Number of protein chains: 4
Amino acid sequence: MRVLMIGDIVGESGRTTLSTYLPRLKRTYQPDAIIVNGENAADDGRGITRGIAREFFGAGVDGITLGNHTWDKREIFDFIDDEPRLIRPANYPEGAPGASVVRLTLSQGTLTVISLMGRTFMNNLDCPFRKVDELLTSIKGKGPILVDFHAETTSEKQALAWYVDGRVSAVIGTHTHVQTGDERILPNGTAFLSDVGMTGPYDSILGMEKEVVLKRFLTQLPVRFEVARGRSQLNGVLLDINVTSGIAQGIKRIRIDDDQPWFE
Amino acid sequence: MRVLMIGDIVGESGRTTLSTYLPRLKRTYQPDAIIVNGENAADDGRGITRGIAREFFGAGVDGITLGNHTWDKREIFDFIDDEPRLIRPANYPEGAPGASVVRLTLSQGTLTVISLMGRTFMNNLDCPFRKVDELLTSIKGKGPILVDFHAETTSEKQALAWYVDGRVSAVIGTHTHVQTGDERILPNGTAFLSDVGMTGPYDSILGMEKEVVLKRFLTQLPVRFEVARGRSQLNGVLLDINVTSGIAQGIKRIRIDDDQPWFE
Amino acid sequence: MRVLMIGDIVGESGRTTLSTYLPRLKRTYQPDAIIVNGENAADDGRGITRGIAREFFGAGVDGITLGNHTWDKREIFDFIDDEPRLIRPANYPEGAPGASVVRLTLSQGTLTVISLMGRTFMNNLDCPFRKVDELLTSIKGKGPILVDFHAETTSEKQALAWYVDGRVSAVIGTHTHVQTGDERILPNGTAFLSDVGMTGPYDSILGMEKEVVLKRFLTQLPVRFEVARGRSQLNGVLLDINVTSGIAQGIKRIRIDDDQPWFE
Amino acid sequence: MRVLMIGDIVGESGRTTLSTYLPRLKRTYQPDAIIVNGENAADDGRGITRGIAREFFGAGVDGITLGNHTWDKREIFDFIDDEPRLIRPANYPEGAPGASVVRLTLSQGTLTVISLMGRTFMNNLDCPFRKVDELLTSIKGKGPILVDFHAETTSEKQALAWYVDGRVSAVIGTHTHVQTGDERILPNGTAFLSDVGMTGPYDSILGMEKEVVLKRFLTQLPVRFEVARGRSQLNGVLLDINVTSGIAQGIKRIRIDDDQPWFE
Ligand SMILES: [Fe+2]
Ligand SMILES: [Fe+2]
Ligand SMILES: [Fe+2]
Ligand SMILES: [Fe+2]
Ligand SMILES: [Fe+2]
Ligand SMILES: [Fe+2]
Ligand SMILES: [Fe+2]
Ligand SMILES: [Fe+2]
């Protein structure tokens, strides 16, 4: 089973970039499933709307993972419970709305997608390590499992990947908006990439207008972050997973921007 | 001018890996200068000793940058002032021992190396943005300038790189111990890589024994971190800089481990 | 010289409580100057408006100190430069609008009021220790000096107080919204209280509706904090300062609420 | 039932101060139970030893609560499981050694003591709110219950107190080492004090040598904290609890130092 995962889609720039490249990526790589992180997909880079989620699903996306920006648009509380393919971090305290595990039925078999969030320098969520144990116990007849681990630090990301090595097909990090170059398959068969990176403005700071972010660093005064304009980038990862064993067989990074343009 | 920078050398594993690959890297790439980050080079991964610094210089290293672990070995206070090629972050409050800018005279010209540290989720140092302005003003007859920006977050790293674009040859991040795949040359000529990654144990969490780090995450009890054993990795970056203008002309990541082995 | 300082006024509740008790406090204590912290005085507890500042000055307040919420109301940028008695933390990077030191001419002499902010668990401001040195050097013909140190941790507050002991008349902490009971005069004559506490809703969490704050702690989901309703409290401190030497001669806490009611 | 709780005993200074005042406090107040926080009782202010715990029990202490410094002395792992009256925070992940709830049988009835730790700006422990629910459910035939809430922020402390109002006799904060002046009995009968303060060196920063702590703030270089010398202070709180209902009937702060000396 081939899974294409694309990192944090930021604002209209990210959405347009996704819709531009998705047909080409499908044509070239023929993925069985496409997962995107959508926590920054709204126009201002904060959260996601129902309309945007539908747009993604309409374009062939199979599941949308989220993160610390899940709840930024208030309307999410109105529709997240209706949409099982919107996947919010599983380690919010019990009772949080929305799904955090989804089982996607594909022609090739079933793909389980799990979202988890780190705690270091982030919210005081429940322990992601114990939570993943709990979730993995509850999943019957496993097959391929993809974990989007939305976390700040490389140490928490590596720790989680080693913790579940051999028990899931892949741990792909999100949240830092910068793709890492450490893709590998761990000894027991779990593919790992610390962060898949973002999709959206290329000449920006994490997708945001750089002058505004710089003003913040220089003055420590409040600023209003805006999604940047101009040329864009796409960052993703391609995973090949054995359907029977759930073991990863390949992991390949995808980076598309003016410095590393796409050639079909 | 060609500069080879190698990321955080961790413990004996990192030092051995450096000494194994350095001759081959020199042979293949013919760098004019070699800079390594040495903040984790001591046996326990904390700080650096005089002996290790000498060993690095003896092997052909031209400058050693440091970071938040600079002061971990108490003996550093005894020798850092004697060693101008040991470069600690410049934005410690005035009066801190040691140099934070070094001008290396090479056959090709002069290379200036600056160390700076981020503040987000780190120590309360002086503003790295204003500090870099101050340092750049004080450097006369510029030529190539390399900044090692030792920081936790991708946002602070990107912000600093954009801030100095066109004023330094390269901003290379360190500290997260994971190489990023976002190398590029910014519009005004500054090469940028969010993090160059570490050199040391490959099957580890940031170089440390993974079982111990996992125990920490799972129990929240204190543990004694130890440098991991077993196979190793090397992460570095190669920069080509125009000696006259100081503008970067090329940036190439180097990653060596069992999944991406070195072929000469 | 007798100075009455009243802690963080929160919302309409805090403003009403201030206007209720201020005449009585003046009658009883006959202060020469009245300073209030106004960073939470706006209706929603975030920042201050020009109208509220004028209301305070009209009621006999001589100076309004601020803190991390200084900039919450955008209109502050329009009027802070016109109002020298609005005092924002001095250790924002140079160039921030507004005054951070004010010299109030009273019948008894001149009172200097300084605002500083801590860094631990707060913004990355400039070092408050070096900043206070700088400010104290620049003040000529000293006399009484009051420092409002807006900080989170008791360690940073105690450290600053010891650092300036004998150089200012008083260091009074703000920001935690809870009055501490550690008032004292340090050996060289500086009065110190870790935190003066807040003025506003008594049955609340730091002035905010408690159910909402609890929801935040329990669910980790975003909530909209609101200033609480119901009965209120006032927290302040009274300082007696020798006008010639600037040395503190007395420090007395004031706490008014239903459990410790006011008797004239 | 009358309970005397004394805040974080720091080093030898704190231990000596405790042994000096305990007989006098017993004589004057006739407490039925004495609880002390012992997380800083070791000579260097970090953790506690078996010998010190025994010394406290020998002097008439009925229970010793702990906090984030629980595990600082490695020997704690050898004896904490043998000593049910040493009470570590209950919200460490399941499996942590030691007791976190103790039921003390006194002539007046049974006193339950619970230790909990906050998470804001502290370790990533389990949710203290859900943990306290769980503990309170498991306690049968309640009677007086004292909660030591070891936390950094006033907001988390107030939140927990409101959360358990009417379900426990008292929530007494520890950890900041500064006594607050906000003692009260909440509407449903729970006594509350944000922080009881520390016992140990008076001319210090949280009990530590002030020059060393100041050096840390000023230079950001590592220092070796030492318990301060010189005169000392004691901070405590006295609680009167209805044995049948568990409702608090009185709360009185105790502060003893050279500025507020003790008179029998
Ligand atoms: Fe994101
Ligand atoms: Fe995120
Ligand atoms: Fe490092
Ligand atoms: Fe580091
Ligand atoms: Fe405030
Ligand atoms: Fe504040
Ligand atoms: Fe303590
Ligand atoms: Fe503590």
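Since the model is a prediction, treat every value here as computed from it, not as a measurement. All residue numbers refer to position in the chain's written sequence, counted from 1. Chains carry letters and ligands carry numbers; both start at the beginning, A for chains and 1 for ligands, and go up in the order they are written. Totals for whole chains, interfaces and linings use all residues, but because this is a predicted model, local features are given only for residues with pLDDT of at least 70 and pairs of side-chain atoms are given and counted only at 80 or more. Each side-chain value is worked out from all heavy atoms of the structure, with water and hydrogens disregarded.

**Quick look at helix 5 (residues 154-163) of chain A**
Side chains that are three or four residues apart share a direction in an α-helix, a result of its 3.6 residues per turn. Our working rule: Between buried and exposed lies partly exposed: a residue is buried under 20% and exposed over 50% of the maximum accessible area for its type, with that area taken using a 1.4 Å probe on protein chains only. Secondary structure is summarised from DSSP: a helix means a run of H or I of at least four residues, a strand means a run of E of at least two, and numbering begins at the N terminus for each.
By the criterion of burial, helix 5 of chain A is predominantly enclosed, with ten of the ten residues buried. Residues of helix 5 of chain A that are buried: Thr154, Ser155, Glu156, Lys157, Gln158, Ala159, Leu160, Ala161, Trp162 and Tyr163 of chain A.

**Some remarks on the coordination of the iron ion (ligand 5)**
Residue and element names in this part refer to chain C. The condition is simple: Water is absent from the atoms considered, so a metal site may look incomplete; donors are defined as N, O and S atoms within 2.8 Å of the metal, or 3.2 Å for Na, K and Ca. The rule is simple: four donors are tetrahedral if all their angles sit between 85 and 135 degrees, four are square planar and six octahedral if opposite donors span more than 155 degrees and the others lie between 65 and 115, and anything that fits none of that is irregular.
Looking at the metal site, the iron ion (ligand 5) is ligated by Asp8 (OD), Glu39 (OE), Asn40 (OD1) and His177 (NE2), spaced 2.1 to 2.2 Å from it. Taken together, the four donor atoms coordinating the iron ion (ligand 5) and their angles of 87 to 162 degrees define a geometry best described as irregular. Along the chain, the residues that donate to the iron ion (ligand 5) are spaced as D-x30-E-N-x136-H. Taken as a pair, the iron ion (ligand 5) and the iron ion (ligand 6) lie 3.5 Å from each other and share Glu39 as a ligand. Of this pair, Asp8 sits in the loop between strand 1 (2-6) and helix 1 (11-29) while Asn40 sits in the loop between strand 2 (33-37) and helix 2 (50-58), and the two are 32 residues apart along the sequence. With respect to burial, Asp8 and Asn40 carry one shared label: buried.

**Some thoughts on the sheet that holds strand 7 (residues 145-150) of chain A**
Residues and elements named next belong to chain A. Rules: Any two strands with at least two DSSP bridges between them are considered paired. Contacts were defined at the residue level, with two residues in contact if any of their heavy atoms lie within 4.5 Å. Axis lines are fitted to C-alpha atoms, over the contacting stretch for helices. Their N-to-C directions set the angle, which ranges from 0 to 180 degrees.
Ordered by their spatial adjacency, six strands build an open sheet running 5-6-7-8-10-9, and the pairing between neighbours is mixed. The open sheet has two edge strands, strand 5 (101-106) and strand 9 (184-185), and neither has a second partner. Pairing between strand 7 and strand 8 (residues 170-174): five bridges, direction parallel. In the strand pairing of strand 8, Phe149 is matched with Gly173. Its contacts with the sheet put helix 4 (residues 128-138) on strand 5, strand 6 (109-117) and strand 7, and the angle it makes with strand 6 is roughly 160 degrees.

**A few points about the UniProt feature "binding site: Fe cation 1" (unreviewed entry) in chain A**
Residues and elements named next belong to chain A. Cut-off, in case you're wondering: UniProt positions are given in the numbering used here, feature names are shortened, and annotations may be inferred rather than shown by experiment.
UniProt records the feature "binding site: Fe cation 1" (unreviewed entry) for Asp8, Glu39, Asn40 and His177 in the present numbering. Look at the named residues: they lie 170 residues apart in sequence, but the longest C-alpha span between them is just 11.4 Å, so in the fold they bunch up. The residue Glu39 is located in the loop between strand 2 (33-37) and helix 2 (50-58) in this model. On the accessibility criterion, Glu39 (1% relative accessible area) is buried. Setting aside residues up to four positions removed in sequence, Glu39 forms contacts with Asp8, Gly45, Arg46, Gly47, Thr65, Leu66, Gly67, Asn68, His69, His150, His175 and His177. The exposure class of Asn40 is buried, given its relative accessible area of 4%. With near-sequence residues (within four places) excluded, Asn40 lies in contact with Asp8, Ile9, Val10, Gly11, Gly45, Arg46, Gly47, His69 and His177.

**A few points about the interface of chain C and chain D**
Often, the extent of an interface is quoted as the loss of accessible area on bringing the components together. Definition in use: Computed with a 1.4 Å rolling probe, the buried area is the accessible surface lost when two parts are put together, summed over both parts. Here, a salt bridge means any side-chain nitrogen of Lys or Arg that lies within 4 Å of a carboxyl oxygen of Asp or Glu. Polar here means any residue other than Ala, Val, Leu, Ile, Met, Phe, Trp, Tyr, Cys and Pro, which are nonpolar, and Asp, Glu, Lys and Arg, which are charged; Gly is therefore polar.
Residue-level contacts link 38 residues of chain C with 38 residues of chain D. For chain C, the biggest contributors to the area lost against chain D are Trp162, Arg184 and Phe217 of chain C; these three give 18% of the whole. Where chain C packs against chain D, one counts four salt bridges. For Asp203 of chain D, the salt bridge is made with Arg184 of chain C, and the minimal N-O distance between the two is 2.6 Å. When contributions to the side of chain C that touches chain D are tallied by element, the ones reaching two or more residues are helix 5 (154-163), helix 6 (210-219) and strand 13 (248-256) of chain C. When residues in the side of chain C that touches chain D are grouped by element, the largest group, seven residues, is from helix 5 of chain C. When its residues are assigned to classes, the side of chain C that touches chain D shows 13 nonpolar, 13 polar and twelve charged.

**Description of the relation of the copies chain C and chain D**
To be explicit about the condition: Least-squares fitting of one copy onto the other uses the C-alpha atoms of those residues that reach a pLDDT of at least 70 in both copies.
Relative to chain D, chain C is turned by 180 degrees and slid 0.0 Å along the rotation axis, the superposed coordinates differing by an RMSD of 0.0 Å. Such a combination of rotation and displacement between the chain copies is what one expects of a two-fold axis. When each C-alpha of chain C is compared by its distance to the rotation axis, Thr180 of chain C comes out closest, at 1.8 Å. The residues that chain C uses at the interface reappear at the interface of chain D in 100% of cases, marking a shared surface.

**Considering the UniProt feature "active site" (unreviewed entry) in chain A**
Residues and elements named next belong to chain A. What UniProt calls "active site" (unreviewed entry) maps, in this numbering, to His69. Judged by its relative accessible area of 18%, His69 is buried. With residues up to four places along the chain from it excluded, the contact list for His69 reads Glu39, Asn40, Arg46 and Gly47.

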